[in-house]
Amino acid sequence: MAPKTTLLMSLMTASLVALTPRAEVIDNLCFPCLCVSQNEQGLYKVNCRSNPLLNGSLPDFKHISEAQVYSLDMSNTRLNNFTTRTMTPFADYNNLQELNMENTSINSMKNNSATIESQTFSGLEKLKYLNIAHNDQFALTNETDVNFFELLTSLKKLVMYQTNLIPIKVNTGYPGPSLAKFQSLEELWIDGFSQVPFGAEFQNMTNLKIIRISGDLILPHWQNQDFCSINDITDYTLANLRHVSNLSIIRCGVSHISKNAFKGMTGIRMLDLSMNFALGLETPFNSFYSLPSGMEMLILDSVVDVYAIDCPIEITKEMAASISHTGLKMISLDRNTINKIDPDAFSVLPKSLQHIRIRANKFELGRYMLYAYQLTNVKTIEASYAHMGLQFEAFSNVEHQSFQSVATINTAVKENIYRNRLSLSEHNLPGRGPNINSECQKPRPYIPPVTITAFFPPKLEYIDVSHSKIAFPIYGFYIDSNNSIKTVNGSSSLFFCWDRPIHGLKSIENIDLSNNFCSSVHELFFSNFPKLKRVYLQRNYLQFVVEHKMIFHSNFDLEYVDFSINKINAVNSKLFQNQNNMKWLNLSTNNLIGFYVPIVHMQFLKVLDLSENRISTLSNDLRSDLEAIVSSRNNETLTVDFTNNIISCSCDNLEVLEWILEHMHPSRSLLDVRISNCYYTHNMSSGYPTATIISTKEDMIYQISFLEKYCASYTPLIISLVAILLVIFNIILASIIHRFRWKIRYWYYVGYNKEIKHKGYSTIESSLRDLIFKYDLYLAYEDDVKEIVFDILKPKLLDLEYTVFTHDDILDGLPLYNVITKSIHASRVVVFVLSNGPRDSLEWKIAAHITNEESNHRQKPMSVALFYNSDSTVGLPEELQLLRRNAFIDYPVNGSEQEITAFWEDFITYIKRN
């Protein structure tokens, strides 16, 4: 059982790697690398792949120790300083089990800081997996030091391809002497040497079960012959691999295999010779006589150059005979330009054969297929991408066909052929006219279905002819009932017409006929499939069939039907009337404007997919059926998908929307209804309606609330009147606000200041009572008088011990309205310095209006106008313009000392008076 288990595990490895999701980073403990995961022992899997922060060495972790790492990926990292600090860089990695050093420029030939020696692996006694591939200076051959790997005592898998440049090592071979130290080694990926065979050391490596000579993994691909060059597999090349069960020699330029090449491989169970394009099919089969009887899997994919101009290949009886002595269970012959099989070959193929893979060949539908029944244990046949055509010549003269060449067919088969041929009517004979009951156009020549009975392998369960571009109708042909077929995949093969029922497939459960451009289906086509459960018919043109025919009337066990992307406009109300076991019904991405099919009998229905259609409402019957289905359930949810439809948000559809809301997630109901948008269709005069996105239940609640108000009596009129009143009110309000905008601003900035004292000054109420202000003067001016303000006025006022505030005291970034308003509010007097220049700055405008509002509030003037070469009052507060004599003073620009002294005495008087 051990070899068989190893074989199956190796087959699953590639697919599991491809399907396993990439692990997510759990934290940054492993800086400068990433902690990918953590095992049960608290050890980390660390990813340093392509990390530019390592400076050519192993990482220096900041938060964890090397002993906490069980897996380390250093691939695609140039380790040019690998052994600079120490010759034993892994000394502290005593728990490391997996090490990937692929493409890291390490070597074993140069005396530099990237050289690896035996002592380099010190500390890796627990290592089980080592990858040193893609290091083309890491020459590991039979001349390598035998003690090179002596410290890796637990190693089980070693990956070391693309390390040896084969053309320059003519007399060197596989590193058997050094690998012999690995008594625990189970799997080896290695380069292929051209002349030297596997050495005698491999005879004692009893645990080594898998060898993969990996020319297909060389990068770039055109260099594969530089690292994997095995032109000739002789009688001695593999003679010492008696314990190996899985051998892969892939894309290594093999062109010849000797007759006894596998004689010494008594333990082999799987052989893969794929992508050796010059090998051909005849050459390897001649050597398969030397395979042991325990052989289970043979893979010969792409051993023929498909781009060469040559005749198609036939699988002969001699080829089949070379493996007849084996216990072969699986054979793969993908991409080999095979077009047919010798009918006699079926009788000599191993009876143990269970799985046949012949994809991407050039098979023709010929007479040889009548003999496949002799493969008595075959369970699966994969023949996809075969680009099949019909061998009409094989049947064109059926009345005069000699059956001497089919002597191996048993008597029952022969009698059935004759019986069917003799029962033909005049209308069904070739060339006598079309069958009037047929829906598919008949080719010339046409073989009537009853002429031939096909005999499939009795245990065949799965057959795949997808993507084969057969481009031929499916007629009502006959198949012997002694078969076990459960699944047929005929997708993307241009089966454009399905005519009449197929007889004999009583066990079939799954049929995939998707993407075939089919538009015509006979109503009885599925009638002979009583156990049919899943049928995939997406991406066809079945709109007429679905609307007018009852193609499933005999399929009582049907559970899954996919009719998506078929341009369906309507569904026959009786199409699914017998499908009581239906679980999944997919009609998405069609042109349905409604769904009026009774489904209340589908008590096991889990998903009804009607997304991507043109459905605007849900009928009462559909809603009742859906509720009736879930009413008898305990915990199984029914999902109904209406996303990306044109569900109407209108008064007429309000009841439907409320029903959808009731069953939207989250809900206590077992009915989960999904919707992504709805369309308002009240007034179509403006063009196409626009979609309203509904992504949550709250969105639906909002839409329904709106419609409930909109759809009430007189609601449109009320809404219109309210809208008009709102417009009028907004106009009046805007006018009032504009009229009293400065008063509003004034009270906005100072009206909420109710404290008695605030930062050294009192509010206006207490200021008027106690005559205490923060500033004695507020100086308002424009830029053209800054010089007199800062050179004459402010210094003099400061000398007189007055507290002065100016525009330039306002810090950048502070709001002007707020600062100016509060500063004027906290000032005893505002002095406006007037000149002949413009008065249009924002600071001047704010100061003028706020001063006027502050004066009104204090109920007395608080401003003084100082003329400096000016006699204009434009831009001043209203009280200054009305009280010119009492509030204005001229500055003597060219005055004498006595005039200046008189000016200051008058100026101080004006200030004190306010």
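Residues numbered from 1 in each chain as written. Predicted model: local features only at pLDDT ≥ 70, side-chain atom pairs only at ≥ 80, totals over all residues. Heavy atoms only, no water.

On to the side chain of asparagine 135, then. One can find asparagine 135 in the loop between strand S5 (129-131) and strand S6 (157-160). By relative accessible area, which is 1% here, asparagine 135 ends up buried. Looking at asparagine 135, its side chain comes within polar contact range of the main-chain oxygen of alanine 133, at 3.1 Å. Ignoring sequence-local partners within four residues, the contact set of asparagine 135 consists of Met101, Glu102, Asn103, Thr104, Ser105, Ile106, Gln162 and Thr163. (Helix = DSSP H or I, 4+ residues; strand = E, 2+ residues; numbered from the N terminus. Buried < 20%, exposed > 50% of the residue type's maximum accessible area, 1.4 Å probe, protein only. Polar contact = N/O pair within 3.5 Å; in protein donor to acceptor, adjacent residues only side chain to side chain. Contact = heavy atoms within 4.5 Å.)

Residue placement: serine 827 occurs in strand S41 (residues 827-834). Here serine 823 takes part through its backbone oxygen, which lies 2.6 Å from a polar atom of the side chain of serine 827.

One open sheet accounts for five strands, arranged S40-S39-S41-S42-S43; its pairing is parallel. Taken across any chain shown, the strands that pair with only one partner, and hence form the sheet edges, are strand S40 (804-806) and strand S43 (888-890). Adjacent strand axes in the sheet meet at a mean angle of 25°, parallel and antiparallel pairs treated alike. In the sheet, strand S39 (residues 775-780) pairs with S40 via three bridges, with the strands oriented parallel. Along S40, the bridge assignment pairs tyrosine 778 with phenylalanine 805. Strands S39, S41, strand S42 (863-867) and S43 of the sheet are contacted by helix H19 (residues 897-913), whose axis makes an angle of about 165° with S43. (Pairing = 2+ DSSP bridges. Axes fitted to C-alpha atoms, helices over the stretch in contact; angles between N-to-C directions.)

Before going further, it helps to spend a moment on helix H16 (residues 842-858). Here H16 is 17 residues long and its end C-alpha atoms lie 24 Å apart, about the 24 Å a rise of 1.5 Å per residue gives. When we look at burial in H16, the residues that qualify are Trp844, Ile846, Ala847, Ala848, Ile850, Thr851, Asn852, Glu853, Glu854, Ser855 and Arg858. Among the residues trailing H16, glutamine 859 stands out with phi positive, at a value near 65°. (Expected span 1.5 Å × (residues − 1).)

One pass over the full model with this rule turns up 34 aromatic pairs. When the ring of phenylalanine 525 is compared with that of phenylalanine 526, the centres are 4.9 Å apart and the planes differ by 90°; the resulting orientation is edge-to-face. When sorted by exposure, phenylalanine 525 lands in the same class as phenylalanine 526, which is buried. Between tryptophan 904 and phenylalanine 907, the aromatic rings sit 5.7 Å apart at their centres with planes inclined by 90°, giving edge-to-face as the arrangement. Placement of the pair is tryptophan 904 and phenylalanine 907 together in helix H19, with a separation of three residues, close to one helical turn. Tryptophan 904 gets classed as buried once you look at its relative accessible area, which sits at 10%. Pairwise contacts between aromatic rings join Trp498, Phe525, Phe526, Phe529, Phe552, Phe563 and Phe576 into one cluster. (Phe/Tyr/Trp six-rings, centres within 6.5 Å; stacked < 30°, edge-to-face > 60°.)

Looking now at the confidence of the model for the chain. Here the chain shows a mean pLDDT of 83. Residues at 70 or above account for 84%. Of the regions scoring below 50 in pLDDT, residues 390-438 engages in 56 contacts with residues more than four places distant in sequence or in other chains. (pLDDT = per-residue confidence, 0-100.)

Bringing the nonpolar core into the picture now. Counting 181 residues, the largest nonpolar core has Leu158, Leu281, Trp498, Phe526, Phe552, Phe563 and Phe576 as the members making the most contacts within it. Ranked by residue count, the leading element in this core is helix H9 (residues 654-662), at six residues. Once you skip the residues sitting within four places of it in the chain, leucine 158 turns out to touch Leu130, Ile132, Phe149, Leu179, Phe182, Leu185, Glu187, Leu188 and Trp189. In terms of nonpolar packing, the next biggest core, distinct from the first, is built from 25 residues, Ile810, Ala826, Ile846 and Phe888 among them. (Core = buried A, V, L, I, M, F, W, Y, C linked by side-chain atoms within 4.5 Å.)

The buried fraction of strand S10 (residues 246-250) is high, at five of five residues. Burial of S10 is two-sided: the residues Asn246, Ser248 and Ile250 facing one way and the residues Leu247 and Ile249 facing the other way are all buried. Note: strand S8 (residues 210-214) against S10, five bridges, orientation parallel. Looking at S10, one finds that isoleucine 213 is bridged to isoleucine 249. With three bridges connecting them, S10 and strand S12 (residues 270-272) associate as parallel partners. Bridge pairing in S12 links asparagine 246 to methionine 270.

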